[in-house]
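What the coordinates show
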Amino acid sequence: MSYTSTELGLLIGTIGLATVVIRAIFLFYLPKSADHPLIKRGMEAVPAAMLVALVVPFTLFVDQRIELLRTEVYAILLALPLMRLTKKYAYGLVFAVLIYLALTWV
Amino acid sequence: MDPDNKAAFVAGVRKGTPLIFSAAFFGIIFGFTGAAGGIPFFWVSAMSYIIFAGSAQFITLVLLIEQEQLLAILVVAVILNLRHLLYGAVLHDIMTLKGIRKLLPAYFMTDESFLVTTLVHKEDPKLRPDFVLLGAGLTLWVFWNLTTIAGYLLYQVGEDLLNLPDTFVIAASFVGFLLDHAVRYPQDRGILAISTLVSLTLGWFTSSSVLLIVVMVTGAIYAMVRMAVEGDK
C-alpha cells in the first residue's frame, strides 16, 4: 500500500462525515426545488448504473483488455441461471465461488 | 427510555432482524476483501463504524486496493451516497427529533433501516419513526461491524484455501443484484443498457474510478432525459 495512515484516516473520516451530512441535510431542511421529479429520477438511477459499473468491467476486462476465456468469466456466467432459477440473487458470490472452485478443481 | 419510544425502537429491531443475514454476508465479504487487498485491520474495521454505508464502503475499499487517487475515491463514495438525500427528503416530515439530535438517525440511515422505517410507519403511524430507524439501524450496525471483523479474521485463517482474484469477488458479489434489478425493474433496463455500453467502451481506456463516475453520471442523466422526453410514467 502506498497510502499513509494520515491519508487513510482523513479519507475515511471525510467520507464518514460526508455520508452523515448527506443523510442529515434534508432531515434538517427540505427546499421545494430539491423535490423535483427529474432530480429524484436521476438519483434513483445511480444504483442501477453503479451495479453495471461494478460487474461488467470487473468480469470482462483484465488490464484494460477484454478477456473472455477465463474461469472467472465462466463461473459468473454459469451462476446467472442458478440465481435466476433459485431466485437467490443475494447468493451470487456463493454460487460463483463454488462454480469457480469446481472448474478450477476439474 | 419513554415507553412509546421503546416500543418504536423494539419495532425497528424486530423488523430489521431478518436483514442481518444479508448484512452479515456482506460484512464478511467486506472484511475478507479488505484482508485480501492488504488493507490493515484497523482501517477496514474503521470504515464499518465510521462510514457505515455498505456500497460506499465497498467502493472505497476496492478503489484503495486498486491504488486509486484519494480525491477520486472521495468523489465516487459521495456520488454513491447521494441517493441518501432522497431518504432524508422522504423522512423529513415524519421525523420528530429536533435540532442536533437529528444527526443520530442520520448516522444510522442506511438503505435497509430507511426501508424498515418507512414500512413500519405505514403499518403503525403512531410509532415514532426516529426510534424505529434507530432500532433497525443499530441492529444492522452491530452485525455489520462484527461480521467485518469476522471476515477479516476468516481471511487470516483460510487465505490459502480460498485464493480468489479480487475483481472476481467484486463482480460475483454484485452480479446477483444486477440480475435481480434487471428482472424486478424493467423500467430501468434502458439505464442498464446505456451503462453497459459506456462500461464496455471506457473499459479499454480508463481506470475503475473514472469509469464508475462516468457510468453513474451517464445513467442518471439518461434517466432524467428519458423522463423529461416521455413524461412521468
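Our subject is the structure listed above.
The numbering scheme is per chain: residues are counted from 1 as the chain's sequence reads. Written order decides the labels, with chains lettered from A and ligands numbered from 1. In view of the model being predicted, local features appear only for residues whose pLDDT reaches at least 70, and side-chain atom pairs are presented and counted only at 80 or more, with totals across whole chains, interfaces and linings using the full set of residues. With hydrogens and water stripped out, all remaining heavy atoms of the structure feed into the side-chain values.

A few points about the overall build of chain B
Scanning chain B from terminus to terminus reveals twelve helices and zero strands. Burial here depends on accessible area, computed with a 1.4 Å probe over protein chains only, as a share of the maximum for the residue type. Under 20% is buried, over 50% is exposed, and the range in between is partly exposed. Within chain B, buried positions represent 52% of all 233 residues. Of the roughly 10500 Å² of accessible surface on chain B, 68% is carried by carbon and sulfur atoms. Numbering of helices and strands starts at the N terminus; helices are DSSP runs of H or I of at least 4 residues and strands are runs of E of at least 2. Each accessible area is a Shrake-Rupley result for a 1.4 Å probe, and residues are judged covered by the shown protein chains and nothing else.

With respect to the interface of chain A and chain B
A contact between two residues is defined here by any heavy atoms of the two lying within 4.5 Å. At the junction of the two partners, chain A supplies 68 residues and chain B supplies 89 residues. Counting the surface chain A buries against chain B, the share from its top three residues, Arg23(A), Leu27(A) and Phe58(A), is 12%. In what follows, salt bridge is the name for a side-chain nitrogen of Lys or Arg lying within 4 Å of a carboxyl oxygen of Asp or Glu. Between chain A and chain B we count one salt bridge in total. Asp188(B) is the partner of Arg41(A) in a salt bridge, and the nearest nitrogen-oxygen pair spans 2.7 Å. Mapped onto the side of chain A that touches chain B, the elements with two or more residues apiece are α1 (5-28), α2 (37-60), β2 (65-66), α3 (71-86) and α4 (92-105) of chain A. Of all the elements, α2(A) adds the most residues to the side of chain A that touches chain B, at 24 residues. Under the grouping applied here, Gly and all other residues not named as nonpolar or charged are polar, the nonpolar ones being Ala, Val, Leu, Ile, Met, Phe, Trp, Tyr, Cys and Pro and the charged ones Asp, Glu, Lys and Arg. In terms of residue class, the side of chain A that touches chain B is made up of 49 nonpolar, eleven polar and eight charged. When two parts are brought into contact, each loses some accessible area as probed by a 1.4 Å sphere; the total of that loss over both is the buried area.

Considering unusual backbone geometry
Residue and element names in this part refer to chain B. The backbone phi angle of Phe52 is positive, close to 45°, even though this residue is not glycine. Structurally, the position occupied by Phe52 is in the loop between α3 (41-51) and α4 (54-65). A relative accessible area of 4% means that Phe52 is categorised as buried. Of note in the backbone geometry, Gln67 takes a positive phi value of approximately 60° without being a glycine. Examined against the element boundaries, Gln67 turns out to sit in the loop between α4 and α5 (70-81). According to the relative accessible area criterion, Gln67 is partly exposed, its value standing at 39%.

Regarding the packing of aromatic side chains
The aromatic pairing rule takes the rings of Phe, Tyr and Trp, using the six-membered ring of Trp, and pairs them if the centres are within 6.5 Å, calling planes under 30 degrees apart stacked, those over 60 edge-to-face and the rest tilted. Considering all chains together, one arrives at twelve aromatic pairs over all chains under this definition. Taken together, a centroid distance of 5.2 Å and an interplanar angle of 70° make the contact between Phe41(B) and Tyr152(B) edge-to-face. One end of the pair, Phe41(B), is in helix α3; the other, Tyr152(B), is in helix α9 (residues 129-158), and 111 residues separate them in sequence. Note on Tyr152(B): relative accessible area 10%, which makes it buried. Taken together, Phe26(B), Phe30(B), Phe58(B) and Trp144(B) form an aromatic cluster joined through their ring pairs. Counted as over-ring charges are cases with an Arg CZ or a Lys NZ within 6 Å of the ring centre that also lie within 35 degrees of the ring normal. In this arrangement the basic side chain of Lys102(B) is found over the ring face of Phe28(A), its NZ or CZ atom lying 5.5 Å from the centre.

Overview of the nonpolar core
One recurring pattern in soluble globular proteins: nonpolar side chains tend to sit buried together. Here, the term nonpolar core denotes a set of buried Ala, Val, Leu, Ile, Met, Phe, Trp, Tyr and Cys residues that are joined through side-chain atoms within 4.5 Å. The biggest cluster of nonpolar side chains holds 109 residues, and the ones touching the most others in it are Leu54(A), Leu64(B), Phe168(B), Leu212(B) and Met216(B). If we ignore the near neighbours within four places in the chain, the residues touching Phe168(B) are Glu72(A), Ala75(A), Ile76(A), Ala96(A), Val97(A) and Tyr100(A).

Focus on the environment of Gly16(A)
With respect to the helices and strands, the residue Gly16(A) is situated in helix α1. The residues touching Gly16(A), leaving out its near neighbours within four places in the chain, are Ile50(B) and Ile51(B).

Here we look at the side chain of Asn5(B)
Residue and element names in this part refer to chain B. Counting through the fold element by element, Asn5 comes out in helix α1 (residues 3-16). Taking relative accessible area as the criterion, Asn5 reaches 10% and is therefore assigned buried. N or O atoms closer than or at 3.5 Å make up a polar contact, with two conditions inside protein: a donor-capable atom paired with an acceptor-capable one, and, for residues adjacent in sequence, both atoms drawn from side chains. Here the side chain of Asn5 touches Arg128 through a polar contact of 2.9 Å, side chain to side chain. When residues no more than four places from it in sequence are discounted, the contact partners of Asn5 are Arg128 and Phe131.

Some points on the side chain of Thr147(B)
Among the secondary structure elements, Thr147(B) is positioned in helix α9. The residues contacting Thr147(B), other than those within four sequence positions of it, are Ala23(B), Ala24(B), Gly27(B) and Ile28(B).

What to know about α2(A)
All names here are of chain A. To estimate how far a helix should extend, the number of its residues minus one is multiplied by 1.5 Å. Given a rise of 1.5 Å per residue, 24 residues ought to cover 34 Å, and the 35 Å separating the end C-alpha atoms of α2 matches this to within 8%. The sharpest bend along α2 comes to roughly 25°, located at Val46, with the proline Pro47 sitting one to four residues further on. For α2, the tally of buried residues reaches 18 of 24 residues, placing the bulk of the element in the interior. Take the seven residues that end at a residue and the seven that start at it, fit an axis to each, and the angle between those axes is the bend at that residue.

Considerations on the packing of α1(B) against helix α8 (residues 111-123) of chain B
Residue and element names in this part refer to chain B. Where α1 meets α8, the closest approach of the two axes is 10 Å, and the angle between their N-to-C directions is 120°. Relative to α8, the element α1 is oriented oblique. Like other packed secondary-structure pairs, α1 and α8 cross with a definite hand, here right-handed. From α1, Ala11, Gly12, Lys15 and Gly16 reach across to α8, where they touch Val116, Leu119, Val120 and Glu123. Looking at the contact of α1 with α8 residue by residue, the class counts come to four nonpolar, two polar and two charged. Axis lines are fitted through C-alpha atoms, for helices just across the contact stretch, and the angle between N-to-C directions can take any value from 0 to 180 degrees. Put simply, angles under 35 degrees are roughly parallel, angles over 145 are roughly antiparallel, angles from 65 to 115 are roughly perpendicular, and the rest are oblique. The crossing is said to be left-handed when, going from far helix to near helix, the turn is anticlockwise and less than a right angle, and right-handed when the turn is clockwise.

Some thoughts on α4(A)
Between the first and last C-alpha of α4(A) there are 20 Å, a value that for 14 residues agrees with the 20 Å anticipated at 1.5 Å per step. Looking only at α4(A), the buried set comprises Gly92(A), Leu93(A), Phe95(A), Ala96(A), Val97(A), Ile99(A) and Tyr100(A).

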